[in-house]
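# Tertiary structure, described
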Amino acid sequence: MRRDRDQGQGQDQGKGRDQEQGRGGEGAVARPDRRTVLADAAIGVLADAGVRGLTHRAVDAAAGLPIGTTSAYLRTRQALLTALVRRLVELDQRELQTLGERAVLRSADELVQSIRELMRRRLTGEGRRRSLARYACAVESVRDPELREILVPRENAGRAVVRAFLADQGVADPDGRTATLLACIDGLVFDRLVGGGETGPDELQGLVTAALRGATGG
């Protein structure tokens, strides 16, 4: 599957510009390359204007760049969507990696608190905008196998720490229970994103209790 081959169009002319941007004396603050800037802007456009509002010109405007910049780097709509989704996954993985590395799960209550923290991040600020963009992309991926493949859940420290906790508690199928628990959390985020409202600790406790059902540890 190489439908984003068009993403390579314009790379030659863009490569030199990206290299030029990355230059600087020792100690200079590194700036994101142009494609990252465009992908970040595209996430914001998709969150704010929806799929129909995601155009090359809208991304140019959101990024504060001259008209035609996005089409020079990401010539087709498919290339734009692919770059956007790859960036979303990168940001999500970075967030889950950080949360997982910080988490110390010794009890069900601590798992509940970690879930609440993740949901807070996904429902406020830039995390909310990423969530809006993510679900829009998920719908698009129903008809786009390439996007669906990019969006497949990946291993990260967050997933690993939940799986390890369930295994330590004696859950018979920690891999399956982890996948189910995370899918339920994703569903809750979507529900609150669309319908609003808060998610109380009792609701999350119910999810964790279900994940631990049949556990033999303590």
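Preceding this section is the structure that the text describes.
As the structure is a prediction and not an experimental result, all values here were calculated from the model. Going along each chain's sequence as written, the residues are numbered from 1 onward. For this predicted model, a pLDDT threshold of at least 70 governs which residues receive local features, and a threshold of 80 or more governs which side-chain atom pairs are given and counted, while totals over whole chains, interfaces and linings are taken from all residues. As a convention, hydrogens and water are excluded, and side-chain values are obtained from all of the structure's heavy atoms.

## Remarks on the pattern of salt bridges
Any Lys or Arg side-chain nitrogen found within 4 Å of a carboxyl oxygen on Asp or Glu counts as a salt bridge. For the structure shown, the criterion picks out 17 salt bridges. R106 is the salt-bridge partner of E110, the closest N and O atoms lying 2.7 Å from each other. When the shortest N-O distance is used, the salt bridge between R129 and E126 registers 3.5 Å. Remark: E126 and R129 occur in helix α7 (residues 125-141); sequence separation between them is three residues, near one turn of the helix. Each residue is placed in one exposure class: buried if its accessible area under a 1.4 Å probe, protein chains only, is under 20% of its type's maximum, exposed if it is over 50%, and partly exposed if it falls in between. With a relative accessible area of 25%, R129 lands in the partly exposed category. E126 sits in the exposed class, given a relative accessible area of 53%. It is possible to trace a salt-bridge network through shared partners that takes in D92, E95, R122, R130 and R134. Working definition: helices are DSSP H or I runs of at least four residues, strands are E runs of at least two. Numbering for both runs from the N terminus.

## Observations concerning the environment of G53
Turning to its location among the elements, G53 is positioned in the loop between α2 (34-49) and α3 (56-63). Measuring from C-alpha to C-alpha, the distance between G53 and A42 comes to 10.0 Å, with eleven residues separating the pair along the chain. Any two residues having at least one pair of non-hydrogen atoms within 4.5 Å are treated as being in contact. Each residue touching G53, except ones within four places of it in the same chain, is listed here: V45 and A58.

## Observations regarding the nonpolar core
Only buried residues count toward a nonpolar core, which is a set of Ala, Val, Leu, Ile, Met, Phe, Trp, Tyr and Cys residues joined through side-chain atoms within 4.5 Å. In this structure, L54, V59, L74, L84 and V85 are the most contacted members of the largest nonpolar core, which totals 26 residues. Secondary-structure elements contributing two or more residues to this core are α2, α4 (69-73), α5 (77-102), α7 and α8 (145-150). Broken down by element, this core gets its largest block of residues, nine residues, from α5. The contacts of L84, once residues within four sequence positions are left out, are A42, I43, L46, L54 and C137. Within the second largest apolar cluster, 24 residues are counted, among which are L96, I115, V162 and L204.

## Some remarks on helix α11 (residues 201-212)
Every helix has an expected span of 1.5 Å times one less than the residues it contains. Between its terminal C-alpha atoms α11 stretches 16 Å, which fits the 16 Å expected from twelve residues at 1.5 Å a residue. A positive backbone phi angle near 90 degrees is found at G214, which sits one or two residues after α11.

## Remarks on the packing of α5 against helix α9 (residues 157-168)
When two helices pack together, their arrangement is given by the angle between the helix axes and by the axis-to-axis distance. For helices, the axis comes from a line fit to the C-alpha atoms of the stretch in contact; other axes are also lines fit to C-alpha atoms, and the angle between any two N-to-C directions lies between 0 and 180 degrees. The geometry of α5 relative to α9 is characterised by a closest axis approach of 6 Å and an angle of 40 degrees between their N-to-C directions. Taken together, the axes of α5 and α9 lie oblique to each other. Contacts between α5 and α9 pair L96, Q97, G100 and E101 from the former with A157, G158 and V161 from the latter. In this classification, the charged set is Asp, Glu, Lys and Arg, the nonpolar set is Ala, Val, Leu, Ile, Met, Phe, Trp, Tyr, Cys and Pro, and all remaining amino acids, among them Gly, are polar. Of the residues contributing to the contact of α5 with α9, the split by class is three nonpolar, three polar and one charged. Just so you know how the angles are binned, under 35 degrees is roughly parallel, over 145 roughly antiparallel, 65 to 115 roughly perpendicular, and the rest oblique.

## Examining the packing of α2 against α7
One can describe the packing of α2 onto α7 by two numbers: an axis separation of 8 Å at closest approach and a directional angle of 80 degrees. Judged by the angle between their axes, α2 and α7 are roughly perpendicular. Facing I43, G44, L46, A47 and D48 of α2, the residues of α7 in contact are R129, R130, L132, A133, A136 and C137. Counted by class, the contact of α2 with α7 contains seven nonpolar, one polar and three charged residues.

## Some points on the packing of aromatic side chains
When the centres of two rings from Phe, Tyr and Trp lie within 6.5 Å, Trp using its six-membered ring, the rings pair. Their planes under 30 degrees apart give stacked, over 60 give edge-to-face, and anything left gives tilted. Enumeration over the complete set of coordinates arrives at one aromatic pair. Note on Y135 and F190: the rings are 5.0 Å apart at their centroids and 75 degrees apart in plane angle, and the pair reads as edge-to-face. Here the residue Y135 occupies a position in helix α7, and F190 occupies one in helix α10 (residues 174-195), the gap between them amounting to 55 residues. Note on Y135: relative accessible area 12%, which makes it buried.

It is worth stressing that arrangement in space is one thing and function is another; only the former is reported here.
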